[in-house]
Amino acid sequence: MGTTYVARPPDTIRALFTIDSNDTVLRSTVLMTRNQNKTIILLVSYMKSFGTSPSGNAFLIILSLAIGVAPNTLAAERLTAPDFEREIAPIIVRRCLECHQDRDPSGRLVLTTRSSMLKGGRGGPAIVSGDSEESYLISRITSGEMPPEIKGVQQHLPDNEITLLRRWIQAGAPWPEQRTLDLFEATTDVRGGRDWWSLQPVIEAEPPTMNRADLVENPIDAFVLAALEQADLEPAPLASKRNQIRRIYYDVIGLPPTYEQVNEFVSDEREDAWERVVDELLNSPQFGERWARHWLDLVRFAETSGYERDQVKTNAWRYRDWVVNALNDDMPYDRFVLEQLAGDELPDRSEQTVIATGFMRLGTWNDEPNDAQDYKYERLEDLVHVTSSAFLGLTVKCARCHDHKFDPILQEDYYRIAATFWPGPIEPRDANLLGGPTVSELGYENILGWTDLTGSPPPIHLLKQGKRDKPGEIVEAGSLSAVAALFKSFDPPPAEATSTTRRLQLARWIIDKKNPLTARVLVNRIWQHHFGAGLVRTPNNFGFRGDLPTHPGLLDWLASEIVRGGWRMKPIHKQLLMSRTYRQSVAHPRHDEYQLRNASNKLLWRSERRRLDAEALRDSMLLVTGELDESRGGPSFRSTVNSNALKGLSRKDAAWQASPMSQQRRRSLYMFSQRSLLLPFMTSFNFSDTISPCGRRDVTISPTQALALLNNSFSHDRSTALANRVIESAAANPAEKVRMTWRISLGRMPTSREEQLSLNHLDEQRERFKEGETDPQSEFLALASLCHVLLNSNEFIFVD
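Because the structure is a prediction, the values reported are computed rather than measured.

### Regarding the side chain of Thr625
Tracing the backbone through its elements, the reader meets Thr625 in the loop between helix H24 (614–624) and helix H25 (680–684). By relative accessible area, which is 6% here, Thr625 ends up buried. Only 3.2 Å separates the side chain of Thr625 from the backbone oxygen of Met621, close enough to count as a polar contact. The residues touching Thr625, leaving out its near neighbours within four places in the chain, are Arg718, Ala721, Leu722 and Arg725.

Here is the structure:
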């Protein structure tokens, strides 16, 4: 290819020329600077006038004459090609490959190999080796045509990148043998590659050694304290024992402690007092009820189909109960995944494992889609999305129509996962089946479950642009190529199998101990619900557009711990709850200073004050009034709904029949979830979306919440019930009634000032409600008003 030199005249132009082994100029280019005012004739004209190609020295003389400078002012030095891997490949990968890959390249131009670049596309060869000015690639770049505009904004390459490309081409465009560029080979500033942090093996990190015994209860504290010290921050002091026990009760079982439970813990001086509380709550059957709700958010749980008719999915509640029991029994997470994705394909298949496959039936279902054949691909997208979001923390569904824009997920990857569900009841069938198998196909009655309908399904094609009328190549079921070390296609089923076993193989790939995502995603979810935010604050997105981990070493240590512990989750809960970090106060003596330095509290220098979620708020109101029905499992109840909320339904009152009032006092977990009619009181407090997987609910503070607590009939009924409970407690005089009201509702006695303000409120309200000289009802209404105030107080609604 020859050796290229650069000639540098002083302050005017630059010339590039290439000579062969005989010192003969093969080609040359004279490049004008921006300030050059005269036209320079390219050396090729001089070559023709001599009738031969000049030598390198002759070239310099001719160039000096052409531009009017003395020959001794010109200097020629060998042009060194830029380092391909370090300087050229990143430019092509970042700027070009999104449109110019092997599959469906724009302009038929593929830029993944040197040969394809030289071959070019519709516009001809992309480069002319050794001549950057004649290279089509440089022409398109310098004209501003490439890269193409994004939302009307031009994407000009920086001058330094254009210079690197010019030098590289002029030096002969050297390219390592057998080197093929890949859009996702490495992370750039615009997308994640296969080297993205969450796709790398979990590192069994050693906890830092800290010399602060008073601040380190377990390894979790060591990781947190090390990060705080690096930022020159100190953790908050411990929260009061009252706040500690209230916090852990809500986090673990979703209910407040009673006055007696608070006092028992506060007065317990034993060294293991806290551990006793932790163990008691983790072993409570209410633990499963609280933590099942978090999982149901993830799997878009509802008991109806959505759309206009919103048919009831009878027996969906059995899946809910399966989750509760699995969590209470501390079912290992690997088994938890296996049963939900492939409970029908397990060797020890049972009614319970098939109930677990209801996971795949919980999405919406349309009995009258515009196009039934198109709709089956919508259902596949739902299944791919919920599976990848819940178990892997990735947005695989974004690769349905094209390669993922930000993560190393190919369009083929989407269809590999989709192919695992393809043999199931995806095709249009009897509408009464609500998108599921028949009883004979499933093998059990009264179960909302999933199974393959055939062991030999038709092939699934990659759809270009996601359109059914543009089928591409056939895609085999398999895992994600993003996890390169574990990437594989799934095996065909054994001869004796009645299903494809694809879902079983997918589940086993997910729970492979070497899968870098599964354990990280799981422990992050557990951390999130104990601390208010995950170590990765985007729990359903561990990809490029998600947040980076605040404590990567801690995340990996926890992930290693859960795998080492046989995938059991309760030991991880206990590790978190036993840490000093969990027990620290929401208040910090240097709060204002630290807020300026770490406002997000990602370094965990204090605990977060949290508002009760919809279920905990409703259940707490029922508990303090003494009305909560703690019966577990079984069909869901339908709460009373204001008639105004029914006006948007096609069948109005006929669309909703409330359960008897005695059944409506169960925990909110057991409330019937109808997609077209979620209880307004619950949605006011950010009840989860039932259409898509919800990894983290919105937490808002809005006027509608205050209005709901003040005016909703449920709130007023609870205030009345609490007043009756206070009266039934044999409180004899107003002061005793006040103290009892505080004790029951807030789990503590009022201060002297709070007691006096409460007595004043009773007096004022009694006068307001009085209709005569002696009106016993006014006494009760005044007490109910005080109850209403306390149930609306920040102390009742927030946890410190």
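Now that the structure has been shown, the text picks up again.
### Describing the packing of helix H7 (residues 219–230) against helix H20 (residues 552–564)
A pair of packed helices is captured by two measures, namely the crossing angle of their axes and the spacing between those axes. One way to put it is that H7 packs onto H20 with a least axis distance of 9 Å and a crossing angle of 165 degrees. Here H7 lies roughly antiparallel to H20, going by the angle between them. The interaxial crossing formed by H7 with H20 has right-handed handedness. On the side of H7, the interface is formed by Pro219, Ile220, Phe223 and Val224, while H20 contributes Gly553, Leu554, Trp557 and Leu558. A class-by-class count of the residues in the contact of H7 with H20 yields 7 nonpolar, 1 polar and no charged.

### Overview of the nonpolar core
Counting residues in hydrophobic clusters, the biggest one holds 168 residues, and the most contacted among them are Ile248, Trp295, Val299, Tyr319 and Phe681. Listed in part, the 28 residues of the second largest apolar core include Ala89, Ile91, Ala126 and Ala173.

### Description of unusual backbone geometry
In this structure, the amide linkage connecting Met146 to the following residue, Pro147, adopts the cis form with an omega of -5 degrees. By secondary structure assignment, the location of Pro147 is in the loop between helix H5 (136–142) and helix H6 (159–170). Of note in this structure, Ala173 is not a glycine but carries a positive phi near 50 degrees. Not every positive phi belongs to a glycine, and Gln178 is a case in point at roughly 60 degrees. Position of Gln178 relative to the elements: it lies in the loop between H6 and H7. Residue class for Gln178 comes out exposed when judged on its relative accessible area of 75%.

### Here's the deal with the environment of Thr209
When you line up the elements, Thr209 lands in the loop between H6 and H7. As for Thr209 and Ala222, which are separated by 13 residues in sequence, their C-alpha atoms are 6.9 Å apart.

### Some remarks on H6
Each full turn of the α-helix corresponds to 3.6 residues, which orients residues three or four apart in the same direction. In a regular helix each residue adds 1.5 Å, so 12 residues correspond to 16 Å; H6 covers 16 Å between its end C-alpha atoms and thus fits that length. Taken as a whole, H6 has its buried residues at Glu161, Ile162, Leu164, Leu165, Trp168, Ile169 and Gln170. Phi turns positive one or two residues past the end of H6, at Gly172, with a value near 100 degrees.

### Some thoughts on the confidence of the model for the chain
Within the chain, residue pLDDT values average 90, and 89% of them lie at 70 or more. Across residues 32–44, confidence stays below pLDDT 50; counting only partners more than four residues off in sequence or on other chains, it has 17 contacts.

### Quick word on the packing of aromatic side chains
Summed over all chains, the structure comprises 25 aromatic pairs. Geometrically, the ring pair formed by Trp168 and Trp175 is tilted, given 6.1 Å between the ring centres and 45 degrees between the ring planes. Feature note: the residues Trp295, Tyr319, Trp322, Tyr333, Phe336, Phe359, Phe391 and Trp567 constitute an aromatic cluster, connected by ring pairs. Geometry around Phe265 places Lys241 over its ring, the cationic atom sitting 4.5 Å from the centre. Above the face of the Trp656 ring, Arg638 is positioned so that its terminal group lies 5.2 Å from the ring centre.

### Quick word on the packing of helix H11 (residues 285–298) against helix H12 (residues 316–328)
Where H11 meets H12, the closest approach of the two axes is 8 Å, and the angle between their N-to-C directions is 125 degrees. By the angle between their axes, H11 is oblique relative to H12. Crossing of H11 against H12: the hand is right-handed. On H12, the residues touching Pro285, Phe287, Gly288, Glu289, Trp291, Ala292, Trp295 and Leu296 of H11 are Tyr319, Arg320, Val323, Val324, Leu327 and Asn328. For the contact of H11 with H12, the residue count by class is 10 nonpolar, 2 polar and 2 charged.

Rules used in this analysis
Residues numbered from 1 in each chain as written. Predicted model: local features only at pLDDT ≥ 70, side-chain atom pairs only at ≥ 80, totals over all residues. Heavy atoms only, no water. Helix = DSSP H or I, 4+ residues; strand = E, 2+ residues; numbered from the N terminus. Buried < 20%, exposed > 50% of the residue type's maximum accessible area, 1.4 Å probe, protein only. Polar contact = N/O pair within 3.5 Å; in protein donor to acceptor, adjacent residues only side chain to side chain. Contact = heavy atoms within 4.5 Å. Axes fitted to C-alpha atoms, helices over the stretch in contact; angles between N-to-C directions. Parallel < 35°, antiparallel > 145°, perpendicular 65-115°, else oblique. Left-handed = near helix turned anticlockwise from the far one by under 90°. Nonpolar A, V, L, I, M, F, W, Y, C, P; charged D, E, K, R; others polar. Core = buried A, V, L, I, M, F, W, Y, C linked by side-chain atoms within 4.5 Å. Expected span 1.5 Å × (residues − 1). pLDDT = per-residue confidence, 0-100. Phe/Tyr/Trp six-rings, centres within 6.5 Å; stacked < 30°, edge-to-face > 60°. Lys NZ or Arg CZ within 6 Å of the ring centre and 35° of its normal.

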